[in-house]
Amino acid sequence: EAQVTQNPRYLITVTGKKLTVTCSQNMNHEYMSWYRQDPGLGLRQIYYSMNVEVTDKGDVPEGYKVSRKEKRNFPLILESPSPNQTSLYFCASSLWGSGEGYTFGSGTRLTVV
Amino acid sequence: SQQGEEDPQALSIQEGENATMNCSYKTSINNLQWYRQNSGRGLVHLILIRSNEREKHSGRLRVTLDTSKKSSSLLITASRAADTASYFCATDASDNAGNMLTFGGGTRLMVKP
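Summarised in this report is the structure supplied together with it. The numbers attached to residues start from 1 for each chain and follow its sequence in the written order. Labels are handed out in written order, letters beginning with A for the chains and numbers beginning with 1 for the ligands. Per-residue local features are limited, in this predicted model, to residues with pLDDT of at least 70; the limit for side-chain atom pairs, both in listing and counting, is 80 or more; totals at the level of whole chains, interfaces and linings are taken over all residues. Side-chain metrics rest on all non-hydrogen atoms present in the structure, leaving aside hydrogens and water.

1. Digging into the sheet that holds strand β7 (residues 65-66) of chain A
Residue and element names in this part refer to chain A. Definition in use: Criterion used throughout: strands pair if DSSP finds at least two bridges between them. Only DSSP runs of H or I covering at least 4 residues are called helices, and only runs of E covering at least 2 are called strands; the numbering of each starts at the N terminus.
Strand order across the open sheet formed by 4 strands is β1-β3-β8-β7, with antiparallel pairing between neighbours. Two strands in the sheet have a free side with no partner beyond their single neighbour: β1 (4-7) and β7. Here 3 bridges tie strand β3 (residues 19-25) to strand β8 (residues 76-78), and the two strands are oriented antiparallel to one another. The partner of Thr20 across the bridge, within β8, is Ile77.

2. Considerations on the environment of Leu65 of chain B
Residues and elements named next belong to chain B. Stated formally: The contact criterion used throughout is that any non-hydrogen atoms of two residues lie within 4.5 Å.
Among the structural elements, Leu65 can be located in strand β7 (residues 61-66). Along the sequence, Leu65 and Ser86 sit 21 residues apart, while their C-alpha atoms lie 20 Å from each other. Beyond its immediate sequence surroundings of up to four residues, Leu65 is in contact with Tyr25, Ile29, Leu32, Ile49, Arg50, Ser51, Glu53, Arg54, Ser71 and Ser72.

3. Let's talk about the environment of Leu101 of chain B
With respect to the element layout, Leu101 of chain B can be found in strand β10 (residues 101-103). Linking Leu101 of chain B and Thr91 of chain B, residues 10 residues apart in sequence, is a C-alpha distance of 5.4 Å. When near neighbours in sequence (up to four residues on either side) are disregarded, Leu101 of chain B contacts Tyr35 and Tyr102 of chain A together with Gln33, Tyr35, Ala90, Thr91 and Asp92 of chain B.

4. Some details on the state of the cysteines
Every disulfide links exactly two cysteines, by a covalent bond between their sulfur atoms. Put simply, the test is: Put simply, a disulfide is two cysteine sulfurs that come within 2.5 Å. Three labels apply to residues, based on accessible area from a 1.4 Å probe with only protein chains included: buried if under 20% of the type maximum, exposed if over 50%, partly exposed otherwise in between.
Inspection of the entire model under this criterion finds 2 disulfides over all chains. Each sulfur in the disulfide pair Cys23 of chain A and Cys91 of chain A lies 1.8 Å from the other. The disulfide joining Cys23 of chain A to Cys91 of chain A has a torsion of about -75° about its S-S bond and is therefore left-handed. Residue Cys23 of chain A is found in strand β3, and its partner Cys91 of chain A is found in strand β9 (residues 87-94); the two are separated by 68 residues along the sequence. A single burial state applies to Cys23 of chain A and to Cys91 of chain A, both of which are buried. With a sulfur-sulfur separation of 2.0 Å, Cys23 of chain B is cross-linked through a disulfide to Cys89 of chain B. Residues Cys23 of chain B and Cys89 of chain B are joined through a disulfide that is right-handed, its torsion about the S-S bond being 65°. With Cys23 of chain B in strand β3 (residues 19-24) and Cys89 of chain B in strand β9 (residues 85-93), this residue pair connects regions lying 66 residues apart in the sequence.

5. Thoughts on the interface of chain A and chain B
Interface size is often expressed as the accessible area that is lost when the parts come together. This is how the line gets drawn: Summed over both partners, buried area is the accessible surface (1.4 Å probe) that two parts give up on being assembled. We define a salt bridge as a contact between a side-chain nitrogen of Lys or Arg and a carboxyl oxygen of Asp or Glu at a distance within 4 Å. We call two N or O atoms a polar contact when they sit within 3.5 Å, provided that within protein one can donate a hydrogen and the other can accept it, with sequence-adjacent residues counted only if both atoms are side-chain atoms.
Contacts between chain A and chain B engage 27 residues on the former and 20 residues on the latter. Of the roughly 1700 Å² buried where chain A meets chain B, counting both sides, 48% is carbon and sulfur surface. At the boundary of chain A with chain B, the tally comes to 0 salt bridges. Summed over the shared surface of chain A and chain B, the number is 4 residue pairs in polar contact (both at pLDDT 80 or more). For the side of chain A that touches chain B, the secondary structure elements donating two or more residues are β4 (31-38), β5 (42-51) and β9 of chain A. Among the elements that make up the side of chain A that touches chain B, the one with the highest residue count is β5 of chain A (5 residues).

6. Structural notes on the side chain of Glu6 of chain B
All names here are of chain B. To keep things clear, this is the line we draw: Asp and Glu are treated as the negative residues and Lys and Arg as the positive ones, with His and the ends of the chain left uncounted.
Tracing the backbone shows Glu6 in strand β1 (residues 5-7). Summary of buried charges: Glu6 has no salt-bridge partner, and the nearest side chain of opposite charge, Arg108, is 10 Å away. At 2.5 Å, the side chain of Glu6 and the backbone nitrogen of Cys89 are in polar contact. Of the polar contacts made by the side chain of Glu6, one reaches the backbone nitrogen of Gly105; its length is 2.9 Å.

Now the structure itself:
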């Protein structure tokens, strides 16, 4: 089944403790992206990647890192999480330049205390 | 930054009725997409309409696009309780080098049985 898989689904952590949210897709998509969703603010793009080793900032990249060493994986790294990063995170992928819709993961609900 | 703005923010109808949601955006686009999100879950791509198209159908969904007014509408006919969800428009803007979708704030649709 074609899908984007995020892990973990839920995560509670403490301020300053580094964490990684994994994202993997099995559709051979070049393009992958991370969004965060917050009440009243909608979905905002954090980082995106157009292919292996090519990443760029979205609208809200501060406090986040990403890497794209393999086509299928696009992990989101929070080096020193803070409470304002408490949010619902989504990974998405698509065929770059195809104009087709994005395939989203099921989401990771992160709470930083 | 939010490119699209949905209207209304919330909509409550009876099963069997039609639901219409509107989306306005600010810049020129390559295409406009509609997504559905069940509470706290990942977004699901519904339909994509390109900038040179005016209307598109998919099952009970009908999407229109008016590029002169920078607006789109999503019509769900003969609604069902299972259509209860949030619906988002997303624009793929012409000046994007990174295939970046920008989402609106969403319309929360409730269909009462």
